[in-house]
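# Examining the three-dimensional arrangement
Given next are the chains, with one letter for each unit.
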Amino acid sequence: MLAPDVAELPAAPTERERERDGRPSDEDGSASMPDASAAPASACPPFRQCSFFLARKDRCCRMEAARGSSLCAQHGGSGRVACPHCSTSVAACALTKHMRKCPAATQQRERDAQPWHVPGTNAAPVAAAAAATTAQRAPSLAEFSAAELARALAAVDAALAGEGWDGELQGGVRRPTCAERLLADTAAGRAIGGGDGHVPQLQRKHATQTASVLGHMLERSVLAPRRRPAPPDGKMQQKEIVCVELCAGRGYLSMMVAQGGPKRFVLIDRQVFRNKADRSLRALGCSVERLKADLRDMDLRKVAALHNRAAVVVGKHLCGVATDYSLRCAVALAEAEGERVLAGVALAPCCHHRCLFREYVNVGLLHKYGIDERLFQAITKLSSWGTTATPSGGSCEGEGADEGADGEGGHTLTPVAGTAVAAAALKLDEAARIAAGVRCKRLLDYGRLQWLRQQLAQKSGCRCDAELVKYAEATMSPENRLMLAALASATEAEMG
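In every chain, residue numbers begin from 1 and rise along the written sequence. Two thresholds apply to this predicted model, a pLDDT of at least 70 for residue-level local features and 80 or more for giving and counting side-chain atom pairs, whereas whole-chain, interface and lining totals are computed over all residues. Only hydrogens and water are removed before side-chain values are computed, so all heavy atoms of the structure are retained for them.

The next subject is the overall build of the protein chain. The way it works is that DSSP assigns letters per residue, a run of H or I at least four long becomes a helix, a run of E at least two long becomes a strand, and they are numbered from the N terminus. Assigned secondary structure in the protein chain consists of 15 helices and 15 strands. Each residue is assigned to one of three classes by its accessible area relative to the maximum for its type, calculated with a 1.4 Å probe on protein chains only: buried under 20%, partly exposed between the two thresholds, exposed over 50%. Buried residues in the protein chain amount to 43% of all 496 residues. Two residues form a contact once any of their heavy atoms are found within 4.5 Å. Relative to all contacts within the protein chain whose residues are 6 or more apart in sequence, the contacts with residues 24 or more apart total 65%. Residue burial considers only the protein chains on display, and all accessible areas are found by Shrake-Rupley using a 1.4 Å probe. Total accessible area on the protein chain is roughly 25,400 Å²; 52% of this is exposed by carbon and sulfur atoms.

And the structure:
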């Protein structure tokens, strides 16, 4: 044991360290002991940092540069490629080995093996055929002339007037009694099972909206039990309701719908979220199944949880083309025969500026009023005006923004680039500009509802009551339209 005031001598360098540092060894092969009084500064070579700039982190890579290079092995190694699933940089010769253990690739293989995964099943035939071609960038608002924008608004007004859709939307905010527990401000008010558990406190804004969605579903009997004749005697048998939430996210809409009676839920989303609502749903005695899938490739007819049950398809804030995929998904379930049956639909669309002409369900309506792809793109861009307002004291032009600044949930809250110039060319003040955007959204939503009503009546053979209602005030959420459809079985329709 050395005295406290005596410094311990460093260990002698190994032969490998001497070769790395370029220091000669003793004649007998043994390393000389360095002087403990002073260690030379040149004993360790200077650390050379990789010079590759990481734009996402706004700094250079902090790994050590390889010999003879200013880059590390990760960024400067020759023959390296990015994994197509997780984007990890790996050696080209090791890509096959990496793919066998890549978590993202493993998840995709597991998803592709599921029976409900059918690539492109909910895509429009024209869009599926064009998927192999090079995708073209959607034009921005500034790329449309004033004459094109004026023609687009004129076509919107003509379609709304011709179809009788220019009236005031019915509905309003609903607050069903069964939802009061989730709207409580205290954990005691939200207690489950005698206080053993409680549901998480929801944001007041979103809880009020989902409660209103539930209220409209209950008013129109979307969640009412369905009865179908059962073999072999043909007696009427009541089908259990299973709620299928599309673009489910954390599942808060399902948690609210559970207050209306359903006890079985299937939550579908293409991303992985913190499953906050799942535990609360199970505490309520509900069965919950999560599926990670893209709505473009989801075939509900092959989901085992819907076997011999009546499905209610719900979704809140289905962005852009996701609404069209959801409608085709529901209609495909409606034409299923035998043990699977569609009971109702409740979908709240949003983000109409992300709609695609080739994927829009009611292209026939667009052709009827002379709306081609170019005018449709102009209408989708103008629809963003319905959810935007010029910030007080600020400019209308979003610097470097193509679709405007996104707020919570991805909704456009500030005007898109080119709004001020386009509105001035059309001689629209802010109130008129917002009203024009609302009309564009209404046309797209009513066109979808018309298609849904026709398809459900044709393919299910059931009486279908479909309606577009307003479930929230515009001051609470400008995306406040809800498509509702309730179906009765053929036997129930005959019974009145």
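All right, on to the packing of aromatic side chains then. Note on aromatic pairs: each is described by the distance of the centres and the angle between the planes. Centres within 6.5 Å make a pair out of two Phe, Tyr or Trp rings, where for Trp the six-membered ring is used; the pair is then stacked when the planes are under 30 degrees apart, edge-to-face when over 60, and tilted otherwise. Using the criterion set out here, one finds three aromatic pairs in the structure. Residues tyrosine 360 and phenylalanine 376 carry aromatic rings whose centres are separated by 5.6 Å and whose planes lie at 50° to one another, so their mutual orientation is tilted. Linking tyrosine 360 in the loop between strand 13 (340-350) and helix 11 (363-368) with phenylalanine 376 in helix 12 (residues 373-383), this pair joins segments that are 16 residues apart in sequence. The exposure class assigned to phenylalanine 376 is buried, which follows from its relative accessible area of 1%. Ring-pair connections join several aromatic residues into one group, and the members of that group are Phe357, Tyr360 and Phe376.

All right, on to helix 10 (residues 321-334) then. Multiplying one less than the number of residues by 1.5 Å gives the expected span of a helix. With 14 residues, helix 10 should cover 20 Å at 1.5 Å per step; its first-to-last C-alpha distance of 20 Å lies within 8% of that length. Summarising burial for helix 10: 14 of the 14 residues are buried, a large majority.

Of the residues making up helix 9 (residues 276-283), those classed as buried are Ala277, Asp278, Ser280 and Leu281. Note on helix 9: the residue one or two positions beyond its end, glycine 285, has a positive phi of about 85°.

Another point: the side chain of histidine 98. Here histidine 98 is to be found in helix 3 (residues 95-101). Using a relative accessible area of 13% as the deciding quantity, one classes histidine 98 as buried.

The backbone of aspartate 58 sits at a positive phi, close to 60°, despite the residue not being glycine. In this fold, aspartate 58 is placed in the loop between strand 1 (53-54) and strand 2 (59-60). Overall, aspartate 58 belongs to the exposed group, its relative accessible area being 60%. At lysine 427, a residue that is not glycine, the phi angle is positive and equals roughly 60°. In this structure, lysine 427 sits in the loop between helix 13 (419-425) and helix 14 (430-460).

In these notes, a set of buried Ala, Val, Leu, Ile, Met, Phe, Trp, Tyr and Cys residues joined through side-chain atoms within 4.5 Å is what counts as a nonpolar core. Of all hydrophobic cores here, the largest spans 72 residues; its most connected members are Ile268, Met298, Leu300, Leu342 and Leu456. Not counting the four nearest positions on each side in its chain, methionine 298 is found in contact with Trp116, Thr121, Asn122, Ile268, Leu291, Ala293, Val303 and Cys329. Membership of the second largest hydrophobic core comes to 38 residues, among which are Met217, Ala248, Leu253 and Tyr471.

Another point: the side chain of asparagine 362. Examined against the element boundaries, asparagine 362 turns out to sit in the loop between strand 13 and helix 11. Judged by its relative accessible area of 7%, asparagine 362 falls in the buried class. Polar contact criterion, stated in full: a pair of N or O atoms within 3.5 Å, where within protein one must be able to donate a hydrogen and the other to accept it, and residues adjacent in sequence count only if both atoms are side-chain atoms. There is a polar contact of 2.8 Å between the side chain of asparagine 362 and the backbone oxygen of glycine 447. One polar contact links asparagine 362 to glutamine 450, side chain to side chain, over a distance of 3.0 Å. Leaving out residues up to four positions away in the same chain, asparagine 362 has contacts with Gly447, Gln450 and Trp451.

Below, the discussion takes up the pattern of salt bridges. By salt bridge we mean one thing: a side-chain nitrogen of Lys or Arg within 4 Å of a carboxyl oxygen of Asp or Glu. Applying the stated criterion across every chain yields a total of 20 salt bridges. The closest approach of N and O atoms between arginine 174 and glutamate 219, which form a salt bridge, is 2.5 Å. Here arginine 174, found in the loop between strand 5 (170-171) and strand 6 (191-192), pairs with glutamate 219, found in helix 7 (residues 204-219); they are 45 residues apart in sequence, far enough to count as distant. The exposure class of arginine 174 is partly exposed, given its relative accessible area of 24%. Salt bridges sharing partners connect three or more residues here, namely Asp324, Lys441, Asp445, Arg448, Glu479 and Arg481.

pLDDT runs from 0 to 100 and stands for how confident the predictor is about each residue. The predicted model of the protein chain has a mean per-residue pLDDT of 80, with 75% of residues at 70 or higher. The spread of mean pLDDT over the elements of the protein chain runs between helix 15 (residues 490-495), the lowest at 43, and helix 6 (residues 146-163), the highest at 96. Note that pLDDT drops below 50 for residues 1-9; the model gives that stretch three contacts with residues more than four away or on any other chain. Across residues 26-32, where pLDDT falls below 50, the model places six contacts with residues more than four positions away in sequence or in other chains.

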